[in-house]
Amino acid sequence: MNAPLFHGSLAVIGAGTMGIGIAQLAAAAGHPVKLFDISQPAAVRALETLGQRLRRRVEAGKAQRGDAERLLANISIAASLEQLADCGLVIEAVAEKREIKQSLFRDLEAICAHDTLFASNTSSLSITAIASVLRHPQRMAGMHFFNPAPLMKLVEIVAGLDTDATTLRRLDALARHWGKQPVQCRSTPGFIVNRVARPFYAETLRALEEQIADVATLDAAMRDAGGFAMGPLQLTDLIGQDVNFAVTQSVFQAFFHDDRFRPSLLQQERVSAGHLGRKSGRGFYRYDDESLNPAARYAEPVGAASLPRVTLHGDWTSLPELAALLQENAGAVKQPGQTSPFATVDEVTFMLTNGKTASQMAQQLGTPVVLFDLSANYRRAPTLVLACASQNRPQDSAKVIHLLQTLGKRVIELPDYPGLLVMRTVAMLVNEALDVVNKGVASAADTDNAMLFGVNYPRGPLAWGAALGWSQILTTLENLHRCYLEPRYRPMPLLRHRATQYAALPSGEHR
């Protein structure tokens, strides 16, 4: 940092998990930090707990004693807001209630200098609304950290309607100085991450409501086949069902009850029962008695055997890992063309789901059909997810399943569910990310970085959509829309535009 980005000390208000985490992060960067909480004993306990945690890291050889001591020496506890008068930046991490935050910043404006920067760590409240009580709202922005703040890379820098560009630049530079990945966005419901991520949870919750599979199998489909770090039901248990449900409700209400953000009755029932996840001992999984949890239902890999004749038809540019896997290990023959990619396994059509059921595709094509689900990387994924047409003979479906088992893959066979699970989820993520870009909420690069660094997706939604092909995403959503007749699956205008714009490009050029 060549020049100071703010004068004096840095203040953190709120000594909860996020507040003490932000204080630790700033202190580790060498800033004098004043920690204030309305309950001074809570601030004292938080600082003591941080000291204990740092000492354990030193004892475990994961940190240097001198670094830990300097960090702790940089944090002092303020007994009143008035002691924050010399601070050049104030970051609040108090209760997620607009009135509380407004009252706090109104008081701070009367105490702090005119050029003190104000930042809110809110995850869902409007920065415009919070700043509306200030005489100088241009000094205020959102600085949304992710838990745990010292470890998670992403920081959303959120502009309210009146936020000054200089304020955004200074907070962006500060986040980079702290080793973070900042992304900038406008203050709209959910910002980037909490908006774009809603379908990740919603589609698996819907599949569970429709009794497609048990919780462990659905999570395995998203995690072990799709490439996500955790299954959605696992992750909501970790976050807390009450917290995740509250965010969904907030976004749903803020978007005037738009159907694409509709909360799940199944999740509401868990919250009502007190099954909040890990913190309560029970959510979608049991943590009080893990022996009661179901195991995911796989067909395990088998040894090499005689393989059927496999031919790859059309353009496989969008699925290079699977094409290579089939050619290297199943001796697949390629017949290039301009059609969408599909394979024939003897007489069985093997193709990526497009939002129709396998039975619909079998009726349309006049052949036995096995659909496979999307994966971030078919070569590395230990599992593939399939759905088989009801018209198939048992030996037709078994032929494809056995082929994949001999390639070293576990196989999850789901009922004949339109769009399967990963494809319909990713299509919805891409759709929402495109709407964020189209509405000027954030740039394409910041939108993808937000999902990569904020929730550890295997690929940014926009990069994934570009690689797969915008027309594939559009077709999937149109078919889901026809199936459910719900506005939830309506394709966004920018998706339709890109599918048309890039349709005439040479194959593989989807950007």
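Predicted model, so just to flag it, every value in this text is computed and none were measured. (Residues numbered from 1 in each chain as written. Predicted model: local features only at pLDDT ≥ 70, side-chain atom pairs only at ≥ 80, totals over all residues. Heavy atoms only, no water.)

## Section: the packing of aromatic side chains
Stage number 1. Evaluation of the coordinates by the stated rule reveals 11 aromatic pairs.
Stage number 2. Between the aromatic rings of Phe200 and Phe228, the centroid separation amounts to 5.0 Å while the plane-to-plane angle is 45°, which identifies the pairing as tilted. One end of the pair, Phe200, is in helix 8 (residues 198-209); the other, Phe228, is in the loop between helix 9 (215-225) and helix 10 (232-239), and 28 residues separate them in sequence.
Stage number 3. Under the relative-accessibility criterion, Phe200 is labelled buried at 2%.
Stage number 4. The structure contains a cluster of three or more aromatic residues connected by ring pairs, namely Phe200, Tyr201, Phe228, Tyr457 and Trp464.
Stage number 5. For Arg260, the ring lying beneath its charged end belongs to Phe255, and the centroid distance is 5.6 Å.
Stage number 6. Its guanidinium or amino end placed over the ring of Tyr298, Arg410 lies 4.1 Å from that ring's centre, counting from NZ or CZ. (Phe/Tyr/Trp six-rings, centres within 6.5 Å; stacked < 30°, edge-to-face > 60°. Helix = DSSP H or I, 4+ residues; strand = E, 2+ residues; numbered from the N terminus. Buried < 20%, exposed > 50% of the residue type's maximum accessible area, 1.4 Å probe, protein only. Lys NZ or Arg CZ within 6 Å of the ring centre and 35° of its normal.)

## Points about the environment of Val385
Stage number 1. Structurally, Val385 is set in strand 14 (residues 383-388).
Stage number 2. Taking the relative accessible area as the measure of exposure, Val385 reaches 1% and is therefore buried.
Stage number 3. The sequence separation of Val385 and Lys97 amounts to 288 residues, and the corresponding C-alpha distance is 42 Å.
Stage number 4. Dropping the residues within four chain positions of it, Val385 is found in contact with Ala221, Ala225, Leu371, Phe372, Asp373, Ile412, Leu414 and Leu420. (Contact = heavy atoms within 4.5 Å.)

## Remarks on the UniProt feature "domain: 3-hydroxyacyl-CoA dehydrogenase C-terminal" (unreviewed entry) in the protein chain
Stage number 1. As annotated in UniProt, the feature "domain: 3-hydroxyacyl-CoA dehydrogenase C-terminal" (unreviewed entry) corresponds to residues 190-287 and 420-498 in the numbering used here.
Stage number 2. What you have in residues 190-287 is 59% helix and 0% strand, and the ends, taken at the C-alpha atoms, are 30 Å apart.
Stage number 3. The distance separating the terminal C-alpha atoms of residues 420-498 is 24 Å; by composition the span is 72% helix and 0% strand. (UniProt positions renumbered as here; feature names shortened; annotations may be inferred.)

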